[in-house]
Amino acid sequence: MSAYLGVETSLTGRRWVGPGALRERQAEALAQATRLPAALCAVLAAREVEPEGVEAYLAPSLRALLPDPRRLRDMERAAQRLLAALNAREKIAVFADYDVDGGSSAALLLCWLRALGHDATLYIPDRIDEGYGPNEPAMEALARDHRLILCVDCGTLSHGPIAAAKGADVLVIDHHLGSETLPPAYAVVNPNRQDEPGDLGHLCAAGVVFLLLVEANRQLRQNGVQGPDLMGYLDLVALATVADVAPLIGVNRAFVRQGLKVMAQRGRPGLVALSDVGRIDSAPTPYHLGFVLGPRVNAGGRIGAADLGARLLSTSNPHEAQQLAQRLDQLNDDRRAIEAAVREEALAQAERRGLDGPLVWAAAEGWHPGVIGIVAARLKEATNRPAVVIALDGAEGKGSARSVAGVDLGASVQRLAAEGLLVKGGGHRMAAGLTVARDQLEAAMERLGELLARQGAGTGGAGDLRLDGLLMPGAATVELVESLEQAGPFGQAAPAPRFAFPSQAVLDARRIGTNHLRLRFGDRGGAALEAVAFGAFDGPLGPALERRAPGLWHFAGKIEVNSWGGRNRVQLRLDDAAPA
């Protein structure tokens, strides 16, 4: 396919890729059938939405998209055991992962149990001292005092630790890839078990926990008991779905769309307090979930006390929520400083090793294990390749990995562990964790690169910028932005629409702050549009446009509404530019 608008190499070194002739015809057919704006139809065509499915796609509802929980193996059995523990007033423990998905999953269970008059014990392992998932000492200790243990967002590969929980029943509610054998738990509910068809594999752990509560409520109703209203819990499911980078397809779209509405009502003290310290002064969006709230919830598990996030999300006390939110906000600031130092070192090491292979990786002594996942994500974003960052400590290293679309990283890491090149490893399509012996490091990374190359990793250039179509400044209205938002929520597997503005003249360009660019451009018809490019002076975009060289330019980015001084106006979030 030829480059869109002929842009083979833009200012940022990327090749522009736009819709082909077939996709454009599909968009035109949608516009004729639905009378919707052409730009929205271009986005719907890219999502392969047929005319008869447009109405449902634009208004995703749980009524239409929520699957029957019993489609998942062990679901009915797990809900029965949970209710039996409630009825018998057994002591219940919730063992959760230390990230947003784990904390949200734990909070869902804690709040649901509390609404039914039952307080449960929360246990979240320390990232450095205990590592990911159940461990034998912790499970043995919990089993001494509890009859039921729920492992959420973990446990699928924890055969030994679950076997150690003698005297207690264990329910695993997870979404990470399973192996050929299941742990000796009472029930393992996981859409990514090997004996599941995988059609619900896009759910995060909180989504699976939500389905468990739907099933438990159904069983309660059959016994004449009204369970808690689960619609009010969707804010937690939305937060986990976005922060865990789950693909926004199927029921996940409804989870996030409806969860944002619940969050906007400001009924959960922990999210209210966190939104306030994060200075969210508008209706929450997926951006706020992924880049404002999520990192702060994660900060406790990364460099502080592991249980802070789950405690914040589950508390009903506004004063406690405020204290926890302030502590997490400070930890997040500390995390940024640690991350910046590790990121600089990791990128320099990866560049020396080479960025053109199927895998980008870096490893060093002294890196904080709590930030290597974020740094791996930054390497992945910078290179458009799967990335692994490993914190070495003595004879072993703990690593975190992030993948790109179309490359199943978790399966490759799991195979690496099965081949004996890792001490342990697992995850899902987009993210994985691993432990590797120092003397196996080079061999393990070489083999992982081979496995990823078989899936096509490294073949897509970092320079591909995908565009949904063309717009002119006069068409970029507040009404169009609102129309495009109907195709949301946007995130993993559902990127926000990005358009090209062809043959524009730069009317004004100036630096704002230390490294950002404010731009105004227009076409021959006299219509003009404001644009902003954050971090533009960290690369070639800012300097080139600030000079206002003569001639016309193609601009590419996302249109958004900028609310300032009581006025709403459209601006372009500029991603790239190229001479026309």
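Residues numbered from 1 in each chain as written. Predicted model: local features only at pLDDT ≥ 70, side-chain atom pairs only at ≥ 80, totals over all residues. Heavy atoms only, no water.

Give me the lowdown on the side chain of aspartate 576, citing residues and values where you can.
With respect to the secondary-structure elements, aspartate 576 resides in strand β18 (residues 567-579). For aspartate 576, a relative accessible area of 0% translates into the label buried. Of note is the side chain of aspartate 576, whose polar atom sits 3.0 Å from the side chain of threonine 12. Leaving out residues up to four positions away in the same chain, aspartate 576 has contacts with Ser10, Leu11, Thr12, Arg14, Trp16, Leu465, Leu541, His554, Phe555 and Ala556. (Helix = DSSP H or I, 4+ residues; strand = E, 2+ residues; numbered from the N terminus. Buried < 20%, exposed > 50% of the residue type's maximum accessible area, 1.4 Å probe, protein only. Polar contact = N/O pair within 3.5 Å; in protein donor to acceptor, adjacent residues only side chain to side chain. Contact = heavy atoms within 4.5 Å.)

Lay out the sheet that holds strand β2 (residues 92-96) with the relevant residues and their values.
Reading across from one edge, β3-β2-β4-β5-β6 is the order of the five strands in this open sheet, with parallel pairing throughout. Two strands bound the open sheet, and with one partner strand each, they are β3 (121-123) and β6 (187-189). Taken over all neighbouring pairs, the strand axes of this sheet differ in orientation by 15° on average, direction set aside. Note that strand β4 (residues 148-152) and strand β5 (residues 169-173) share five bridges and pair parallel. Bridge pairing in β5 links leucine 148 to aspartate 169. The sheet strands contacting helix α6 (residues 100-115) are β2, β3 and β4, and the helix crosses β2 at an angle near 165°. In this fold helix α9 (residues 205-222) packs onto β4, β5 and β6, with an angle of close to 120° to the strand it touches most, β5. (Pairing = 2+ DSSP bridges. Axes fitted to C-alpha atoms, helices over the stretch in contact; angles between N-to-C directions.)

Please give an account of the nonpolar core that cites residues and values.
Core analysis: the biggest nonpolar cluster contains 82 residues, and Trp112 and Leu212 have the highest contact counts within it. If one sorts the elements of this core by residue count, α9 sits on top with 10 residues. Not counting the four nearest positions on each side in its chain, leucine 212 is found in contact with Met75, Ala78, Ala79, Leu82, Leu109, Leu150 and Ile173. (Core = buried A, V, L, I, M, F, W, Y, C linked by side-chain atoms within 4.5 Å.)

I'd like to hear about the packing of aromatic side chains, residue by residue, with values.
For the coordinates displayed, the defined rule picks out five aromatic pairs. Ring geometry for phenylalanine 210 and phenylalanine 255: centres 5.5 Å apart, planes at 75°, overall edge-to-face. Taken as a pair, phenylalanine 210 in helix α9 and phenylalanine 255 in helix α11 (residues 251-264) lie far apart in primary sequence, 45 residues in all. Residue phenylalanine 210 shares its accessibility class with phenylalanine 255, and that shared class is buried. Taken together, the ring pairs connect Phe501, Phe521 and Phe555 into an aromatic cluster. If you follow arginine 511 out to its NZ or CZ, it ends over the ring of phenylalanine 537, 3.8 Å from the centre. (Phe/Tyr/Trp six-rings, centres within 6.5 Å; stacked < 30°, edge-to-face > 60°. Lys NZ or Arg CZ within 6 Å of the ring centre and 35° of its normal.)

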